[in-house]
Amino acid sequence: NNNNSNEEEDLDASDPESPQLPQSTHSLFFTQPIFSLPFAYALTIYGISIASLVMALFNSGKGGTADNLLSVPANVPLE
């Protein structure tokens, strides 16, 4: 069991030489097995993010006119 405590010491986050991942749910895609609960959690969050972006895209397309398809307000540069 002493070997187990050494592994925990090796993975210490305070060690400046240990690789650090950002605190993001997307990090779970790269660190967890595919058939695990953390991976399923990350996949669910990813799906919700994509669904939100798609809904925002469709919502932004509503209300346009023939002259202004994206409903850009007047005097806003299109650059």
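For the structure given in this document, a descriptive report is provided here. Only a predicted model underlies this, so the values are computations on that prediction, with no experimental measurement involved. (Residues numbered from 1 in each chain as written. Predicted model: local features only at pLDDT ≥ 70, side-chain atom pairs only at ≥ 80, totals over all residues. Heavy atoms only, no water.)

## What to know about the overall build of the protein chain
Link 1 in the chain: Along the protein chain, the regular secondary structure elements total three helices and zero strands.
Link 2 in the chain: Seen in sequence order, the protein chain has helices and strands lined up from the N terminus as α-α-α.
Link 3 in the chain: Per-residue burial for the protein chain yields a buried fraction of 6% across its 79 residues. (Helix = DSSP H or I, 4+ residues; strand = E, 2+ residues; numbered from the N terminus. Buried < 20%, exposed > 50% of the residue type's maximum accessible area, 1.4 Å probe, protein only.)

## Notes on a nonpolar patch on the surface
Link 1 in the chain: Taken together, the side chains of Leu 43, Tyr 46, Ile 50, Leu 53, Val 54 and Phe 58 present a nonpolar region at the surface, about 600 Å² in accessible area.
Link 2 in the chain: In this fold, Leu 53 is placed in helix 3 (residues 37-61).
Link 3 in the chain: Take Leu 53: its relative accessible area is 58%, and that puts it in the exposed class. (Patch = residues over 30% accessible without salt bridge, like charges linked within 9 Å, V, L, I, M, F, W, Y side chains within 5 Å. Areas by Shrake-Rupley, 256 points an atom, 1.4 Å probe, with all protein chains shown as cover. Salt bridge = Lys/Arg side-chain N within 4 Å of Asp/Glu carboxyl O.)

## Focus on the environment of Gln 32
Link 1 in the chain: Structurally, Gln 32 can be placed in the loop between helix 2 (27-31) and helix 3.
Link 2 in the chain: Each C-alpha atom, one on Gln 32 and one on Ala 42, is 9.8 Å from the other, the two residues being ten residues apart in sequence.
Link 3 in the chain: Among residues more than four places away in sequence, those in contact with Gln 32 are Pro 38 and Phe 39.
Link 4 in the chain: At 3.4 Å, the side chain of Gln 32 and the side chain of Thr 31 are in polar contact. (Contact = heavy atoms within 4.5 Å. Polar contact = N/O pair within 3.5 Å; in protein donor to acceptor, adjacent residues only side chain to side chain.)

This is a description of form; function is not addressed.
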